[in-house]
Amino acid sequence: MRHPTFVLATLLSLACTLPASAQGLVPNACPAPKVAAKLTAPLARTAARLRAGEPVVIVAIGSSSTAGAGATSRAASYPSRLEDTLRQRFPGADITVVNAGANGQDAPEMLARFDRDVAAHSPTLVIWQAGVNALFRADGLATAEGQLREAIARVRALDADLVLVDPQYSPRVLADDDTSPMIRLIDAVAKEEGVDVYHRFALMRDWHEGASLPFDAFLAKDSFHMNDWSYDCFARDLGRAMVANIDSQQRAADLTPSAKSARSAATPAPVPASATP
């Protein structure tokens, strides 16, 4: 059996394999980020369910960049690509990623439909896209903290893991004076609350500044939404960070006294050699 680390490395070395509708994009491989994103808060519930062979339901809630605006099909949205990435890494596991994105929405609308679109699925993990459309509202930054804390509290009430996703990197987002304060706010709230943030903004900035990709290589024609290629690369890197976190939880579980005791109990004692007559 191949070691999980080898399997993960093999997956990450592959070019981004997209649905047929998404073929033909250049570049055809995901640039390696200078600094690999990490999710530091344990995804303990997700890891435990995978370890136990139980179904894992992930709900991705957000606005148009969760729904998949700019993609050529629903299959090319990041939730669909993330589901495929995780299923490759955990073959045989029952993993479902629900796309609960809705165009044009922000935290108030997402909170209003939370019970129907998130809680009703009894999620193991919620991925909450935060802060994009708030940038384009007069009071967006001023109200973002309270709404974000409410979202965190409601996810915790479901006993689910949580990953926040910050805004995309695009000319319209860069032109807004509230973008840097919004990203800092999301990081600060997440740190205080002990939840994870996946830094999508930093990943996409690295494509532009580090890999020298023009905006039209990873954005749709509107120069705001992502395209098939960038949704796929975003999903792959988010999946890589999630897998690293989950693998860490599972290794930690292997080292607990109870796990060691269980393994010892399952290992038969050596049979003593027969005495020579």
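The present account deals with the structure reproduced in this document.

Here's the deal with the state of the cysteines
Line of reasoning, step 1. Evaluation of the coordinates by the stated rule reveals one disulfide.
Line of reasoning, step 2. Across the disulfide, C30 is cross-linked to C233 (sulfur-sulfur distance 2.2 Å). On the sign convention where negative means left-handed, the S-S torsion of about -85° between C30 and C233 marks this disulfide as left-handed. Highlighted residues: C30 in the loop between α1 (4-13) and α2 (44-51) and C233 in helix α12 (residues 228-254), separated in sequence by 203 residues.
Line of reasoning, step 3. Overall, the relative accessible area of 3% leaves C233 in the buried class.

Describing the pairing of strand β2 (residues 95-101)
Line of reasoning, step 1. With six of seven residues buried, β2 lies mostly within the body of the structure.
Line of reasoning, step 2. Here strand β1 (residues 56-62) runs beside β2; their pairing, made up of seven bridges, is parallel. Along β2, the bridge assignment pairs I58 with V97.

Describing the side chain of D161
Line of reasoning, step 1. The topology assignment puts D161 in strand β4 (residues 161-165).
Line of reasoning, step 2. Residue D161 is classed as buried on the basis of its relative accessible area of 2%.
Line of reasoning, step 3. Ignoring any residue separated from it by four or fewer positions in sequence, one finds D161 in contact with P42, L43, A44, R45, T46, T124, L125, V126 and V155.

Quick word on unusual backbone geometry
Line of reasoning, step 1. The phi dihedral of D159 falls on the positive side, at around 60°, and the residue is not glycine.
Line of reasoning, step 2. One can find D159 in the loop between α7 (140-157) and β4.

A word on the packing of aromatic side chains
Line of reasoning, step 1. In the structure shown here, the tally under the stated rule is nine aromatic pairs.
Line of reasoning, step 2. Ring geometry for Y78 and F234: centres 4.6 Å apart, planes at 50°, overall tilted. Taken together, the residues Y78 in helix α4 (residues 78-89) and F234 in helix α12 connect sequence positions 156 residues apart. When sorted by exposure, Y78 lands in the same class as F234, which is buried.
Line of reasoning, step 3. Taking 6.4 Å as the distance between ring centres and 40° as the angle between the ring planes, the aromatic pair formed by F114 and W128 counts as tilted. In this pair, F114 sits in helix α6 (residues 114-117) while W128 sits in strand β3 (residues 125-129), placing the two residues 14 residues apart along the sequence.
Line of reasoning, step 4. By way of ring pairs, the aromatic residues Y169, F201, W207, F215, F218 and W229 are connected into one cluster.
Line of reasoning, step 5. Positioned above the aromatic ring of F224, the side-chain terminus of R172 is 5.1 Å from the ring centre.
Line of reasoning, step 6. Over the face of the ring belonging to F234 we find R200, whose NZ or CZ atom lies 5.6 Å from the ring centre.

Here's the deal with the packing of helix α10 (residues 200-210) against α12
Line of reasoning, step 1. Between α10 and α12, whose axes approach to 11 Å, the crossing angle comes to 125°. Our classification of the angle between α10 and α12 gives oblique. Here the hand of the crossing between α10 and α12 comes out right-handed. Taking contact as the criterion, the partners of R200, L203 and W207 in α10 are, on α12, W229, S230, C233, F234 and D237.
Line of reasoning, step 2. Split into classes, the residues belonging to the contact of α10 with α12 amount to five nonpolar, one polar and two charged.

Conventions used here
Residues numbered from 1 in each chain as written. Predicted model: local features only at pLDDT ≥ 70, side-chain atom pairs only at ≥ 80, totals over all residues. Heavy atoms only, no water. Disulfide = S-S within 2.5 Å. Helix = DSSP H or I, 4+ residues; strand = E, 2+ residues; numbered from the N terminus. Buried < 20%, exposed > 50% of the residue type's maximum accessible area, 1.4 Å probe, protein only. Pairing = 2+ DSSP bridges. Contact = heavy atoms within 4.5 Å. Phe/Tyr/Trp six-rings, centres within 6.5 Å; stacked < 30°, edge-to-face > 60°. Lys NZ or Arg CZ within 6 Å of the ring centre and 35° of its normal. Axes fitted to C-alpha atoms, helices over the stretch in contact; angles between N-to-C directions. Parallel < 35°, antiparallel > 145°, perpendicular 65-115°, else oblique. Left-handed = near helix turned anticlockwise from the far one by under 90°. Nonpolar A, V, L, I, M, F, W, Y, C, P; charged D, E, K, R; others polar.

These figures come from the coordinates and say nothing about function on their own.
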